[in-house]
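So the chains spell out like this:
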Amino acid sequence: MSDKNNKIPFTEDNYTHNINRNNERKLDRRGFMKTLVGAAGVFAVSSLPWGVLAAKELNGLGDKKYPKHKITDVNSLPIGDAVDFAFPGEHDSAILIRLSENKYVAYQNACTHLRCPVFWKKDEQEMLCPCHHGKFDVETGAPTAGPPRRPLPEIHVKVENGAVYAVGVKRYEA
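Looking up the chain in an unreviewed UniProt entry gives the name Rieske (2Fe-2S) protein, with the organism given as Neobacillus novalis.

The following block contains the structure:
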């Protein structure tokens with residue numbers, strides 16, 4: 001056998017010949033992965049306070065206290081009629097419907113599909129979103145037709161001293 005083919009043309013072997021090459025690759029795969037994991041760790045740690053705040057806010061939604069807001073007088077709302085009002089904020093549109101002598105229901109009246117306004121159709125005894133023909137059950141706020149999949153957020157009402165008051169918002173449970 002000849003020794004001619006067994007000679008390595010450089011001083012290093014095949015496993016280490018590229019380690020000492022200057023500026024060939026400043027970042028190899030291992031270095032890239034370390035950088036990627038480090039950046040993900042920094043992102044996770046920096047976003048942790050915001051996640052904690054969001055979780056606290058979501059957990060406290062059911063217990064949130066709202067100021068009592070007068071909607072209307074009992075005598076000024078006939079059975080079967082509805083009245084629009086704003087609750088819990090001045091820009092949160094809502095609707096109160098008197099179903100019987102002592103039964104009132106109220107919902108935020110933005111459709112859960114694309115936030116179009118929802119209207120009370122007294123003749124048909126249903127709540128209707130005209131944008132995509134969504135319909136909601138007046139007793140529960142649950143969708144009965146059309147594209148909406150979630151119920152309308154219910155507003156808790158209380159009748160006292162001849163007036164109807166909004167006192168809270170029912171938290172939507174998935």
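A. Looking closely at the overall build of the chain. Along the backbone of the chain there are one helix and ten strands. Secondary structure of the chain in N-to-C order comes out as α-β-β-β-β-β-β-β-β-β-β. Counting only residues that meet the buried cut, the chain has 25% of its 174 residues in that class. By sequence separation, contacts in the chain at least 24 residues apart represent 41% of the contacts at least 6 residues apart.

B. Layout of the UniProt feature "transmembrane region" (unreviewed entry) in the chain. Here the UniProt feature "transmembrane region" (unreviewed entry) sits at residues 35-55. For residues 35-55, the helix share is 100%, the strand share is 0%, and the end-to-end C-alpha distance is 29 Å.

C. Expanded view of the packing of aromatic side chains. Taken as a whole, this structure holds one aromatic pair when the rule is applied. Sitting above the plane of the Tyr165 ring, Lys68 keeps its charged end 4.6 Å from the centroid.

D. Representation of the sheet that holds strand 7 (residues 134-136) within the structure. Within the open sheet, the four strands sit side by side as 5-6-7-8. Their pairing is antiparallel. Two strands in the sheet have a free side with no partner beyond their single neighbour: strand 5 (119-121) and strand 8 (143-145). On average, each strand axis in the sheet is inclined to that of its neighbour by 40°, with strand direction left out of account. Taken together, the three bridges between strand 5 and strand 6 (residues 126-129) define a ladder with antiparallel strand orientation. Following the sheet pairing, Trp120 is matched in strand 6 by Met127.

Basis of the calculations
Residues numbered from 1 in each chain as written. Predicted model: local features only at pLDDT ≥ 70, side-chain atom pairs only at ≥ 80, totals over all residues. Heavy atoms only, no water. Helix = DSSP H or I, 4+ residues; strand = E, 2+ residues; numbered from the N terminus. Buried < 20%, exposed > 50% of the residue type's maximum accessible area, 1.4 Å probe, protein only. Contact = heavy atoms within 4.5 Å. UniProt positions renumbered as here; feature names shortened; annotations may be inferred. Phe/Tyr/Trp six-rings, centres within 6.5 Å; stacked < 30°, edge-to-face > 60°. Lys NZ or Arg CZ within 6 Å of the ring centre and 35° of its normal. Pairing = 2+ DSSP bridges. Axes fitted to C-alpha atoms, helices over the stretch in contact; angles between N-to-C directions.

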